[in-house]
Amino acid sequence: MGEKHLVSEQFLDALEFRGLSRRDFLKFCGATSALLGLSELYTPQVASAIEKASKRPPVVWLNFASDSGCTESLIKATYPNAADLVLDILSIDYNETIMAAAGKQAEEVLAKSLKDGRYILIIEGGVPTKKGHGMIAGKEMIDILKDFSGPAAAIIAVGSCATFGGVPSANPNPSQIVGVSEALKKTGVNKAVINLDLCPVNVEYLVGVVVNYLLLGSLPELDSFGRPKMFYGRIIHDNCERRAHFDAGRFVEQFGSKEETMGYCLYKMGCKGPMTSSECPKVRYNDKINWCIGAGAPCIGCAEQGWPDKFARFYERLPGVKIPGFGGIETTADKIGAVAAAATAAGIAIHAVASASSGRTKDKEKEEGK
Amino acid sequence: MEKELKYEWNLSYRIEHWVRVLAIAVLVLTGFYIHSPFMGGGPESYTMAWMNFFHTLSAYALLLGLIVRIYMAFNSSFDRDWQDFGLIRNLKAAPEMLGYYLFLKSSYERARKYDALQAIAYPFIGIVIIFQVMTGAALYKGRLFGFINSSESFRWVSTMLGGESYTRIWHYLAMWVVIIFAGVHIYFSLLRTVTFRDKTFTSMFNGYKLKRKTS
Amino acid sequence: MARITIDPMTRIEGHLRIDVEIEGGRVKDAWTTGTLFRGFEIILKGRDPRDAWHLTQRICGVCPTSHGHTSSMSMDDAFKVKPPDNGRIIRNIVEGCQFVHSHILWFYHLAALDYVDVVSALKAQPKEASLKKVQEKLKAFVASGQLGPFANGYWGHPAYKLPPDINLLAVAHYLEALEMQAKASHLSALFGGRMPMTMTSPPGGSNHVPTVDDMANYLFRIKELQNWVDNVYIPDVLAVAPYYLDYAGVAKGHANFLSWGVFEDASFDPKKRLLPRGAIFASDFPQLHDAKPEDVTEDVTHSWYKGTQPLNPGVGVTEPEYTGYDPANKYTWAKSPRYKDKPMEVGALARMLVAYLSGQPTAKKLIDDTLAAIGHAGKPQVLLGVIGRIAARALECKMVADAMYGWGVEIIENIKKGKTEVYTPYEIPDKAQGIGLWEAPRGALIRR
């Protein structure tokens, strides 16, 4: 199967004049195939799928209760880079952070997309459900989501906020922010959402899902949290470059220490890698230059549902425990264990002394028939 | 009150008991290490990997020991004791027994093999062990018995407890329940051995306990 | 009298609505509305203070590092801990990468579309082969009918004043700049793990221990960025500026300036930061004043919060209460910060002016040279306004990129001397108060 059968010369030429050489393009397709878990044999097909999408798939990117970090992440893409994504692969028809139009002009663009339908709807940011806490063009964000979910070919929630609410939904969740799936449920829309958790989303995951869609015409297989299994099927801990140190029992006890320079495991610094599913160690960030644990920072668990609350305190192994009924006193599991054990030991000691001093030296089973 | 030596525990009961003791000891020790690694590994060591290995191994032993014990309760050739664990009867008898131990009562109703407190505590610990197995399975990232994808199959446990961090906390706190039980359990066996001289403690080694003669 | 509502305001971070009232072709009154409330002030309460810097980064995905650093600095202050030299420099580098990335992004991708007519570039007659290719590409793109993010702009409007050739050059550089801003971010990730949302600036310093390999990698990458800023960014600003000279002096605003200062010096003296601390008031321009956090208040008269008194952020209250859009009363989620009861301009122009008036040698030379080049030597007041803001950003970008090279060399010197510490351990007190005063690329930050 030669590449020429599937990828036309014309397309390859078109790539070259943009500065993306044929080799680069096939390299990208190869990387994408690998990312999708396909064999090298599929590389020409990936190339062909991208080319065949001669009408670039329209994308409507809506920002809700977000910080635009995922848009920032998008424009940090490398293979394909942001210019490829914007000019060659996708037609990003609406994204408030990068689009030229504003106000009425932007609204017109949005209305047209809604009319045309069949767009990929990408949502960045959670959905405030408290009235007035999140509005665009005078409309509540949750209503905008409802309107746009209908004609969408696929809905992708990018980043922790869009998936399950993220940081702004942390306790006490002042704006009652929820993730996209839950917001859709609230508005009575029944539609599958692809959750690309992480704060911010890793742009390679997004590209992987979109190419998967272009190539196979279908959406990737999802896990119980709606996350593509290909990116969230394994825990960070299992693929971590520091895993050997974990298994060996070699740990960093303090930031900046000698142990850290030797790349020891960050488990004792509160690393959430053992309970976070994501391909971070393999995909890494920013042109694969580095990733959190690679840079010396313990994972904070941002790929998981319930982040950040269920993963705070980030620099402790386990979260604090609130004891109900004591004014919400917060303590650690270690303290609870120690106190319970001490109480038991004291109880036993007192009982032993009492037994000895009471002179109870005979068993007092009742006689039968008494 | 005449007393005689009775063969209280046959070999299989004793083996089962000590397997569990060993398993719990290993689980607690390795568990503390996994919770907070208290010693570093050298260049060629695999301390954490071995800790994890023995932790999992002992967990299997504990679970299988429990299953064997339950089986024996119903179908032992030596002593089918399941009827001794009737909850309602034991709950009714518990206050008296507790009162006796707290020096509030001077005597208590005789039981066949387990006093009321024992008969409540042992099944309770069985439940704690099952809880530990379930939470442990939810935290375990391997394949149980080689074929059950444990974190997927037991994700509901974590979801119910509010996320994996909380599963970890519960798993850790339940360990303390087991430790406290073990402490109290050993204390009472010694208490009876020392003050009542009924050989309770040694019975778990040789099987013989001094009990009142029943004619 | 006409009233125009622009909602959504695009090419910014966040959700903004602008209402303007126009009389005789001039803006008579205007209202800005932040339309999203998330409540970080409320969320942060009762948490482990060491987590705060991670959470505050999520305030803004374009300048997360600044929010994180400001938070970590307030903890440093509260815990009475000082980062070691390499820790301080790494924070500066990570921050610097973000500044360079942000200024490139702002100029080429956010602001430029108001000055550069993308469609007019089709009419250019380029001689250079590379520009011809970009033009062909652009033709194919426009012919596809799918204009993507460029759809429905005011293309062809007479306010676009650039000739087609310069428009084409700008479009070519728009694409190139996309790559450069990404490269600047990749450089943050080299030390910070990832960008946006860097991971290695906790209270106490940094938890990235730089290796010699890192530093070699860094120096070559920063050199590339430096070259690009010198040879593309600055010349582009100079190429565009002559066509918009009538914008000079437009949108002067209140002309009060405030800068808390950014890029810590070894002395930890805010007045010796690369961009130092200070305030300037329109009333006695160009007199430089000290900037003190006690003089800041936040007013909520027109914001959807309970409370009436303007409060210092240190004792600030955030109790949301949405009452609907009412321009006469309450109409925004944004609080109104004031310094000595005056509205202040913050950002690159404020920082560069403060640096200039403090006599910071690099800033002074850059601005003096620029003023001389446009024939206004010694008159910094001509920088007030929209053109000055664009120029200040470009100059600041150059200044930071140049300084970053020096910081890399400093780290290598430290490693040579065996000074490799990056983190100072500390005990967390039961009760403490701290303050961090720092700068995001787009303006001043306070965090407590």
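Please refer to the structure higher up on the page.
The rules we used
- Residues numbered from 1 in each chain as written.
- Chains lettered and ligands numbered in written order.
- Predicted model: local features only at pLDDT ≥ 70, side-chain atom pairs only at ≥ 80, totals over all residues.
- Heavy atoms only, no water.
- Contact = heavy atoms within 4.5 Å.
- Buried area = accessible area lost by both parts, 1.4 Å probe.
- Salt bridge = Lys/Arg side-chain N within 4 Å of Asp/Glu carboxyl O.
- Helix = DSSP H or I, 4+ residues; strand = E, 2+ residues; numbered from the N terminus.
- Expected span 1.5 Å × (residues − 1).
- Buried < 20%, exposed > 50% of the residue type's maximum accessible area, 1.4 Å probe, protein only.
- Core = buried A, V, L, I, M, F, W, Y, C linked by side-chain atoms within 4.5 Å.
- Domains from an automatic or database assignment.
- Phe/Tyr/Trp six-rings, centres within 6.5 Å; stacked < 30°, edge-to-face > 60°.
- Lys NZ or Arg CZ within 6 Å of the ring centre and 35° of its normal.
- Pairing = 2+ DSSP bridges.
- Axes fitted to C-alpha atoms, helices over the stretch in contact; angles between N-to-C directions.

Colleague: I would appreciate a short explanation of the interface of chain A and chain C in the present structure.
Modeller: One frequently used descriptor of interface size is the decrease in accessible area upon assembly of the parts. On the chain C side, the residues contacting the 85 residues of chain A number 77 residues. When chain A packs against chain C, close to 6,900 Å² is buried across both sides, 60% of that on carbon and sulfur atoms. At the boundary of chain A with chain C, the tally comes to 4 salt bridges. Note that Asp48(C) is salt-bridged to Arg313(A), the shortest N-O span being 3.7 Å.

Colleague: Would you mind showing me how to read helix α11 (residues 203–216) of chain A here?
Modeller: Residue pairs three or four apart in sequence face the same way in an α-helix, which turns once every 3.6 residues. Residue and element names in this part refer to chain A. Here α11 contains 14 residues, and its C-alpha end-to-end distance of 20 Å stays within 8% of the 20 Å for a straight helix at 1.5 Å per residue. Where burial is concerned, most of α11 is hidden: 12 out of the 14 residues are buried. Where α11 is concerned, the buried positions are Val-203, Glu-204, Tyr-205, Leu-206, Val-207, Gly-208, Val-209, Val-210, Val-211, Asn-212, Leu-214 and Leu-215. Positive backbone phi, at 70°, marks Gly-217, one or two positions downstream of α11.

Colleague: It is not clear to me how the pattern of salt bridges should be interpreted in this structure. Could you clarify?
Modeller: Using the criterion set out here, one finds 49 salt bridges over all chains in the structure. Across the salt bridge formed by Asp84(B) and Arg112(B), the nearest N and O atoms sit 2.7 Å from each other. Highlighted residues: Asp84(B) in the loop between α2 (47–75) and α3 (87–101) and Arg112(B) in the loop between α3 and α4 (116–139), separated in sequence by 28 residues. Here Asp84(B) falls in the buried class, since its relative accessible area comes to 12%. If you follow the salt bridges from partner to partner, you end up with Arg313(A), Glu316(A), Asp48(C) and Arg50(C) in one network.

Colleague: What's the story with the nonpolar core in this structure? I'm lost.
Modeller: The biggest cluster of nonpolar side chains holds 172 residues, and the ones touching the most others in it are Ile156(A), Val158(A), Leu196(A), Leu206(A), Tyr218(C) and Tyr233(C). Domain assignment of the residues forming this core places at least three in each of domain 2 (55–223) and domain 3 (234–314) of chain A. Residues within four places of Tyr233(C) in sequence aside, it is in contact with His103(C), Phe107(C), Tyr108(C), Trp228(C), Arg393(C), Ala394(C) and Cys397(C).

Colleague: Looking at this structure, how should I read the packing of aromatic side chains?
Modeller: The geometry of two aromatic rings is summed up by the distance between their centres and the angle between their planes. Under the counting rule described, the total for this entry stands at 55 aromatic pairs over all chains. Residues Tyr7(B) and Phe78(B) carry aromatic rings whose centres are separated by 5.6 Å and whose planes lie at 75° to one another, so their mutual orientation is edge-to-face. Of the two residues, Tyr7(B) sits in strand β1 (residues 3–7) while Phe78(B) sits in the loop between α2 and α3, which places them 71 residues apart along the sequence. Accessibility expressed as a relative area gives 36% for Tyr7(B), which makes it partly exposed. Taking relative accessible area as the criterion, Phe78(B) reaches 30% and is therefore assigned partly exposed. The cationic tip of Arg17(C) hangs over the ring face of Tyr325(C); the distance from NZ or CZ to the ring centre is 3.8 Å. Its end group placed over the ring of Tyr305(C), Lys335(C) keeps NZ or CZ at 5.4 Å from the ring centre.

Colleague: I keep staring at unusual backbone geometry and nothing clicks. Help me out?
Modeller: Negative phi values dominate among residues other than glycine, just as trans dominates among peptide bonds. Between Trp307(A) and Pro308(A) the backbone carries a cis peptide bond, its omega angle lying at 5°. Relative to the helices and strands, Pro308(A) resides in the loop between α16 (280–283) and β10 (321–323). Between Ala312(A) and Arg313(A) the backbone carries a cis peptide bond, its omega angle lying at -5°. Assignment of secondary structure puts Arg313(A) in the loop between α16 and β10. With a phi close to 60°, Ala255(C) is a non-glycine residue in the positive phi region. Along the chain, Ala255(C) falls in the loop between α7 (212–240) and β4 (257–259).

Colleague: I tried to follow the sheet that holds strand β3 (residues 26–34) of chain C on my own but got confused; where do I start?
Modeller: Sheet strands line up and pair through hydrogen bonds in the backbone, either parallel or antiparallel. All names here are of chain C. The 3 strands are arranged β1-β2-β3 in an open sheet whose pairing can be described as antiparallel. At either end of the open sheet lies a strand with only one pairing partner, and these are β1 (2–6) and β3. Averaged over neighbouring strand pairs, the angle between their axes works out to 15° when direction is ignored. Two elements, strand β2 (residues 16–23) and β3, share 8 bridges in a ladder whose sense is antiparallel.

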